[in-house]
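Summary of the model geometry
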Amino acid sequence: MPDVWDAIVVGAGPAGSPLACRLGALGRSVLLLDSARFPRDKLCGEYLGAGCLPLLDQIGVLDEVRRLAQTGRIVNIWSAKGVGFTARYPEGSCSLSLPRRQLDAILLDRARNEESVEVREGFRVEKLLIEDDQVRGVVGRPAGGEAETLRARVTVGADGRNSIVARGLGLFRWRTSHPRLALGCHYDGIRPAGEGAEIYLGRSLYGILNHQRDGAANVNIVVKGGGFEVWRGRLDAWFDALLDKLPLLRARLGPARAAENVRALSPLAHYATRVAVDGVLLAGDAAGFYDPFTGEGINMALESAQLAAETIHGAIAAGCVSRRVLGRYEALRAASLRNRYRLQSAIQFVVGCPRLMEFAAKRLRTGERFANRLLEVVGGLRRPGDLFLPGRS
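Presented here is a report on the structure given in the accompanying data block. (Residues numbered from 1 in each chain as written. Predicted model: local features only at pLDDT ≥ 70, side-chain atom pairs only at ≥ 80, totals over all residues. Heavy atoms only, no water.)

**As for the sheet that holds strand S12 (residues 172–174)**
Short version of the rule: Think of it this way: DSSP has to see at least two bridges between two strands before they count as a pair. By the criteria applied, helices consist of DSSP H or I runs no shorter than four residues and strands consist of E runs no shorter than two, each listed in order from the N terminus.
The strand order across the open sheet built from three strands is S12-S19-S22, with neighbouring strands paired in antiparallel fashion. Of all the strands in the sheet, just S12 and strand S22 (288–289) have a single pairing partner and so form its edges. When S12 meets strand S19 (residues 270–272), the two strands line up antiparallel, connected through three bridges. Each residue of the ladder has a partner; that of Trp-174, found in S19, is His-270.

Here you go:
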């Protein structure tokens, strides 16, 4: 074990493990830490848009993911009044879906196979190591063990919405203008099984049914506002009450049964005031998350891992990990994701206005070309600016 790692990556999810893979392949020494032991479950939509596939292929896991995942080529959406429309990926493209316990385990095993990457599960980071006003690593401990000081040239927070790295630097903020919480669980026995995702819109809530293998599905309900404290300890009952507000989704579930207890995540929307400071980068959900409606979370995590790896490798080669150099990641990430966040906001505005949503659903039902193009954008195949280019099918 080196005295000083090139990078310590905190969090072994869809941002952290691919980042460690990429840095390891470049010959950088990486220590990948996670407080959990894998495989582990995590509340998530578990949707991998078509844009995820080349990113998975670049780190050598696409074949394994495809072997276990359900392939999807369409998304079906119903308005609160039952107006439905379908968006399709172009021929040769598809989405994938599989449980996070499988996806994250595949990604972690791939990172572990890099010669210069060390993985430590069950290691809880407690605080950042700050010397001379700069982050130099982390302090934490394995389960039941003594505190350890671990040093690195660059520390990466890829540890999600509760990021100890982002919070330790005072960068974390809740997005109070967009209060959302999510409840979800897996179901067995969904018939007929479908290809892709189904979205059911209601008033101040929506439900997503994401098909997986062998009649299984991941079902999530996202609701505006609070309620978590009122329903604490009764999440199954709360989920059932919310299904009453989404009758089309309840009917679709039919005789299928929940395979586990309902879990909840509250609140959802947050951001970091900066994603690059001296010696530190934030990746994936640690850098920010808006809303799961468009299913871009895993895609953004994989993309941020790619950008972060390029930046860290270049900064270490240049012998400077200051914000001035690491800020290249911030600029690249903003250029890549800024317009997608704007599109997410626009979609949420439409979804939040019942009359506007009904109008949009009717137009999209007959405007197949635009609906398909919208799916390609949120699926990571096109840029948001391509939505309104003439002559593109």
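**Structural notes on the layout of surface pockets**
Put simply, the rule is: Method remark: on a 1 Å grid restricted to protein atoms, a set of points is classed as a cavity if a 1.4 Å probe fits but cannot get out and as a pocket if it is open with protein on both sides within 12 Å along at least five of seven lines; lining residues have an atom within 4 Å of a point. Grid points are joined across faces, edges and corners, and a volume is the space filled by probe spheres set on the points. Charged means Asp, Glu, Lys or Arg here, nonpolar means Ala, Val, Leu, Ile, Met, Phe, Trp, Tyr, Cys or Pro, and polar covers whatever is left, Gly included.
Considered as a void within the structure, the second largest pocket measures approximately 510 Å³ in volume. As for the second largest pocket, its lining consists of 26 residues, of which Ser-204, Gln-348, Val-351, Gly-352 and Pro-354 are closest to the centre. The class makeup of the residues in the lining of the second largest pocket is 12 nonpolar, seven polar and seven charged.

**A few points about the side chain of Gln-348**
To keep things clear, this is the line we draw: Exposure categories follow from relative accessible area, calculated using a 1.4 Å probe and restricted to protein chains: below 20% of the type maximum is buried, above 50% is exposed, and the middle band is partly exposed. Any two residues having at least one pair of non-hydrogen atoms within 4.5 Å are treated as being in contact.
Looking at the secondary structure, you find Gln-348 in helix H10 (residues 323–351). On the basis of relative accessible area, Gln-348 is assigned to the buried category, the value being 7%. With residues up to four places along the chain from it excluded, the contact list for Gln-348 reads His-178, Arg-180, Tyr-206, Tyr-290, Asp-291 and Phe-293.

**Topic: a positive patch on the surface**
Note the cut-off: Each patch is built from residues that are more than 30% exposed by relative accessible area and take part in no salt bridge. Like charges join if they lie within 9 Å; nonpolar side chains (Val, Leu, Ile, Met, Phe, Trp, Tyr) join within 5 Å. Where accessible areas are quoted, they stem from the Shrake-Rupley method and a 1.4 Å probe; at the residue level, only the protein chains shown are allowed to cover. Should a side-chain nitrogen of Lys or Arg be within 4 Å of a carboxyl oxygen of Asp or Glu, the pair is scored as a salt bridge. A positive count includes Lys and Arg, and a negative count includes Asp and Glu. His and the chain ends are not counted in either. The atom standing in for a charge is NZ when the residue is Lys, CZ when it is Arg, CG when it is Asp and CD when it is Glu.
Taken together, the side chains of Lys-81, Arg-203, Arg-355, Lys-362 and Arg-365 present a region of like positive charge at the surface. Residue placement: Lys-81 occurs in the loop between strand S5 (74–78) and strand S6 (84–88). Accessibility expressed as a relative area gives 66% for Lys-81, which makes it exposed.

**Quick look at empty space enclosed by the protein**
Overall, the coordinates contain two cavities of 30 Å³ or more when judged by the stated rule. Here the largest cavity is characterised by a volume of approximately 50 Å³. Around the largest cavity, the lining residues are Gly-284, Asp-285, Gly-288, Phe-289, Met-300, Ala-301, Ser-304, Arg-333, Leu-337 and Tyr-341. Within the residue set of the lining of the largest cavity, elements represented by two or more residues are S22, helix H9 (297–318) and H10. Considered as a void within the structure, the second largest cavity measures approximately 30 Å³ in volume. Lining the second largest cavity are Phe-289, Tyr-290, Asp-291, Glu-296, Gly-297, Met-300, Tyr-341 and Gln-344. Of all the secondary-structure elements, those providing two or more residues to the lining of the second largest cavity are H9 and H10. Classifying every residue of the lining of the second largest cavity by side-chain character gives four nonpolar, two polar and two charged.

**Some points on the packing of H10 against helix H11 (residues 354–366)**
Quick reminder of the rule: Throughout, an axis means a line fitted to C-alpha atoms (over the contacting stretch in the case of helices), and angles, computed between N-to-C directions, take values from 0 to 180 degrees. Put simply, angles under 35 degrees are roughly parallel, angles over 145 are roughly antiparallel, angles from 65 to 115 are roughly perpendicular, and the rest are oblique.
Look at H10 against H11: their axes get within 6 Å of each other, and the N-to-C directions meet at 105 degrees. In terms of their interaxial angle, H10 and H11 are classed as roughly perpendicular. Where H10 approaches H11, its residues Phe-349, Val-350 and Val-351 are matched on the opposing element by Leu-356, Met-357 and Ala-360. Counted by class, the contact of H10 with H11 contains six nonpolar, no polar and no charged residues.

**Some points on the pattern of salt bridges**
One pass over the structure, following the stated rule, counts 22 salt bridges. Between Arg-40 and Asp-104 there is a salt bridge, with its nearest N and O atoms 2.4 Å apart. Here Arg-40 is found in the loop between strand S2 (30–34) and strand S3 (47–48), whereas its partner Asp-104 is found in helix H4 (residues 100–112), with 64 residues between them in sequence. With relative accessibility at 15%, the residue Arg-40 sits in the buried group. Residue classification places Asp-104 among the buried positions, given a relative accessible area of 0%.

**Some details on H4**
The condition that has to hold: Multiplying 1.5 Å by the residue count of a helix minus one yields the expected span of that helix.
Relative to the 18 Å expected for 13 residues at 1.5 Å per residue, H4 spans 18 Å between its end C-alpha atoms, a close match to the ideal helical length. Taken residue by residue, H4 has Arg-100, Leu-103, Asp-104, Ala-105, Ile-106, Leu-107, Leu-108 and Ala-111 as its buried positions.

**Some remarks on the pairing of S2**
Note the following rule: Clockwise travel from the first strand over the helix to the second, with the strands pointing away from the viewer, marks a crossover as right-handed.
Across the five residues of S2, five count as buried, placing the element largely inside the fold. Every second residue of S2 is oriented toward a common face, with Val-30, Leu-32 and Asp-34 on one face and Leu-31 and Leu-33 on the other, all of them buried. Sheet topology note: the strand S1 (residues 4–10)/S2 ladder contains four bridges and is parallel. The partner of Val-10 across the bridge, within S2, is Leu-33. Chirality of the crossover, the property in question, places the unit of S1, helix H1 (residues 16–25) and S2 among those that are right-handed. Sheet analysis places S2 next to strand S8 (residues 117–121), joined by five bridges and oriented parallel. Note on S8: the bridge partner recorded for Leu-32 is Val-119.

**Digging into the state of the cysteines**
Test applied: The disulfide definition used here is simple: a pair of cysteine sulfur atoms within 2.5 Å.
Summed over the entire model, instances satisfying the criterion amount to zero disulfides. Lacking any disulfide linkage, Cys-21 is separated from the closest cysteine sulfur, that of Cys-52, by 15 Å. Given a relative accessible area of 2%, Cys-21 falls into the buried group. Among the residues examined, Cys-52 registers a relative accessible area of 0% and is labelled buried.

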